[in-house]
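These are the residues of each chain, in order.
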Amino acid sequence: MRIGVAGVGRIGTMHATNLAALDRVDEVLLFDPVPGRAAQASAELSGTKAVDDLDTLLGAVDGVLLATPTNTHPEMLRAAIAQGVPTLCEKPIASDLAEMTALVEDVESSGVEVLVGFQRRFDPAIYELNRRIRAGEVGDIYLVRAVGNDANPPDFSYLPASGGIFRDLLIHDLDCVPWLVGEPVVEVYASGSVLVHQAFADADDVDNAVVMLKFAGGAHATLAGGRHDPVGYDHRIEVLGSKDSLVAGVDPRTPLNSLEPGGHVAGPDAYPGFPERFHRAYVNEMNLFTQVIKGEVANPSPARESLISLRLAEACEQSRRTGAPVKIEGN
């Protein structure tokens, strides 16, 4: 199997490395819109080869991963499906809801498998959490709690183009939590503050936020996200149901200090960032991508479902600005 990677920045290079390590992948072809960048990356990564343009890449591979800037995703994704190439596209597949909706229609009309790179869905513990919920082992869901804190803020120059904390940081849990619950969200309330740095206010954003989701069956979820955690990168999801209470994201590297005797104490190897926290998820994502290409498993992150998280992110922003809950229609 030959897999292409378009875009060899930090994320694309990580994906190429993980793909090249899979036994079933014979070669990884690299392309980047910046001249010379793919060749430089290929020289540093065994099992890879650089190509000069996207058409050459698409004509030579069994599947392609898109890790270029968001504004290039629609054009590149349409080019891939036009050639019948199964695609894994980093989120978001488009920058606004109207453009994404049109793109999803094109994807579904093509019949080509397109996965969206919401990495939480591929995390082994969260994947198992979803399996247990679907199997009825958790029972009726009462409450879901998700926490996602960056260890350090992003580069401030990134903030004006980030889309804001709900579209950038919390978008992952706005995808993952409804996927876990398996019900439509009917109401959203969100609030946020600037507590870390004035740069977030200057970008018309916040650096700490909380979200409450109400689901059609009456269950609730609380999501909290922040741009600075002095102990490390923290992401956890707890699910309380009528039969069990489960958590994903608590392990020896979780950046959390318990005050209970014998409780968890964060060590010097606490997760420094999302690549380390979700390393197993990213490896599993590439493995599952190859399985989808072969028709061995169903698509775990289809394009249409990415519309849900974007709608919710937009509702969160509206709620934060107005201070009022937002009803979700037809989600």
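Rules behind the numbers
- Residues numbered from 1 in each chain as written.
- Predicted model: local features only at pLDDT ≥ 70, side-chain atom pairs only at ≥ 80, totals over all residues.
- Heavy atoms only, no water.
- UniProt positions renumbered as here; feature names shortened; annotations may be inferred.
- Helix = DSSP H or I, 4+ residues; strand = E, 2+ residues; numbered from the N terminus.
- Rg over C-alpha atoms; globule rule 2.2 N^0.38 Å.
- Buried < 20%, exposed > 50% of the residue type's maximum accessible area, 1.4 Å probe, protein only.
- Contact = heavy atoms within 4.5 Å.
- Areas by Shrake-Rupley, 256 points an atom, 1.4 Å probe, with all protein chains shown as cover.
- Axes fitted to C-alpha atoms, helices over the stretch in contact; angles between N-to-C directions.
- Parallel < 35°, antiparallel > 145°, perpendicular 65-115°, else oblique.
- Left-handed = near helix turned anticlockwise from the far one by under 90°.
- Phe/Tyr/Trp six-rings, centres within 6.5 Å; stacked < 30°, edge-to-face > 60°.
- Lys NZ or Arg CZ within 6 Å of the ring centre and 35° of its normal.
- Pairing = 2+ DSSP bridges.

Going by an unreviewed UniProt entry, the protein chain carries the name Oxidoreductase and comes from Lentzea indica. Of the comments in the UniProt record for the protein chain, the one headed Sequence similarities (unreviewed entry) reads "Belongs to the Gfo/Idh/MocA family."

Along its length, the protein chain carries twelve helices and 13 strands. The C-alpha atoms of the protein chain give 20 Å as radius of gyration, which agrees with the globular expectation for 331 residues (20 Å, within 12%). Summarising its shape, the C-alpha atoms of the protein chain cover approximately 55 × 45 × 45 Å along the three principal directions. Looking at the 331 residues of the protein chain, the share that counts as buried comes to 50%. Residue pairs in contact within the protein chain that sit at least 24 positions apart in sequence constitute 69% of those at least 6 positions apart. In the structure as shown, the protein chain presents an accessible area of about 14400 Å², 51% of it carried by carbon and sulfur atoms.

Right, let's talk about the packing of helix H8 (residues 171-181) against helix H12 (residues 306-322) for a bit. It is the contact of H8 with H12, at a shortest axis distance of 9 Å, that shows an interaxial angle of 120°. When the axis of H8 is compared with that of H12, the two are oblique. Handedness of the H8/H12 crossing: right-handed. Across the interface between the two elements, Ile171, Leu174, Asp175 and Pro178 of H8 pack against Ser309, Leu310, Leu312, Ala313 and Cys316 of H12.

Moving on, we come to the UniProt feature "domain: GFO/IDH/MocA-like oxidoreductase" (unreviewed entry) in the protein chain. Per the UniProt record, "domain: GFO/IDH/MocA-like oxidoreductase" (unreviewed entry) is annotated on residues 128-246. End-to-end, the C-alpha atoms of residues 128-246 are 10 Å apart, and along that stretch the chain is 23% helix and 36% strand.

Time to look at the packing of aromatic side chains. Across all of its chains, the model carries two aromatic pairs by this definition. Considering the side-chain rings of Phe156 and Phe200, the 6.0 Å spacing of their centres and the 80° angle between planes classify their relative orientation as edge-to-face. Of this pair, Phe156 sits in the loop between strand S7 (141-149) and helix H7 (165-168) while Phe200 sits in helix H9 (residues 198-202); the two residues are 44 residues apart in sequence, bridging distant segments of the chain. Accessibility expressed as a relative area gives 35% for Phe156, which makes it partly exposed. Seen in terms of ring centroids, Tyr233 and Phe278 are 6.4 Å apart; in terms of plane orientation they differ by 75°. Their pairing is edge-to-face. Here Phe278 lies in the loop between helix H10 (274-277) and helix H11 (279-293) and Tyr233 lies in the loop between strand S10 (220-226) and strand S11 (234-241), a separation of 45 residues in the sequence. The class for Tyr233 is buried, based on a relative accessible area of 5%. Taking NZ or CZ as reference, Arg277 lies 4.3 Å from the ring centre of Phe278, over its face.

To continue, consider the pairing of strand S8 (residues 185-193). Summarising the sheet, S8 and strand S9 (residues 208-215) pair through eight bridges and their orientation is antiparallel. Bridge pairing in S9 places Glu187 opposite Lys214. Alignment of S8 against strand S13 (residues 326-327), held across two bridges, turns out to be antiparallel. Among the inter-strand pairings, Val188 is bridged to a residue of S13, identified as Val326.

Moving on, we get to helix H1 (residues 10-20). Note on helix geometry: an α-helix contains 3.6 residues per turn, so any two residues three or four positions apart are oriented the same way. Regarding H1, the residues found buried are Gly12, Met14, His15, Ala16, Asn18 and Leu19. Elements in contact with the buried residues of H1: strand S1 (2-6), strand S2 (27-31), strand S4 (63-66), H10 and H11.

What follows covers unusual backbone geometry. For the peptide bond that leads from Lys91 to Pro92, omega is -10°, which places it in the cis range. Tracing the backbone through its elements, the reader meets Pro92 in the loop between strand S5 (87-89) and helix H5 (97-110).

Strand pairing in a sheet relies on backbone hydrogen bonds, with the paired strands running either antiparallel or parallel. The sheet built from six strands is open, its strands ordered S3-S2-S1-S4-S5-S6 with parallel pairing. In this open sheet, the two edge strands, each paired with only one partner strand, are strand S3 (48-50) and strand S6 (114-116). Pairwise comparison of adjacent strand axes, ignoring direction, gives a mean angle of 20° for this sheet. As paired strands, S2 and S3 are joined by three bridges and run parallel to one another. By the bridge assignment for S3, Val28 is matched with Thr48.

Right, let's talk about the environment of Leu129 for a bit. Inspection of the secondary structure assignment puts Leu129 in helix H6 (residues 124-134). Excluding residues within four positions of it along the chain, Leu129 makes contact with Leu180, Ile237, Val239 and Leu246.

Following both chains from N to C, one finds H6 and H8 inclined at 30°, their axes separated by 9 Å at the closest point. The pairing of H6 with H8 is recorded here as roughly parallel in orientation. Along the contact surface, H6 presents Ile126, Leu129, Asn130, Ile133 and Arg134, while H8 presents Cys176, Trp179, Leu180 and Val181.

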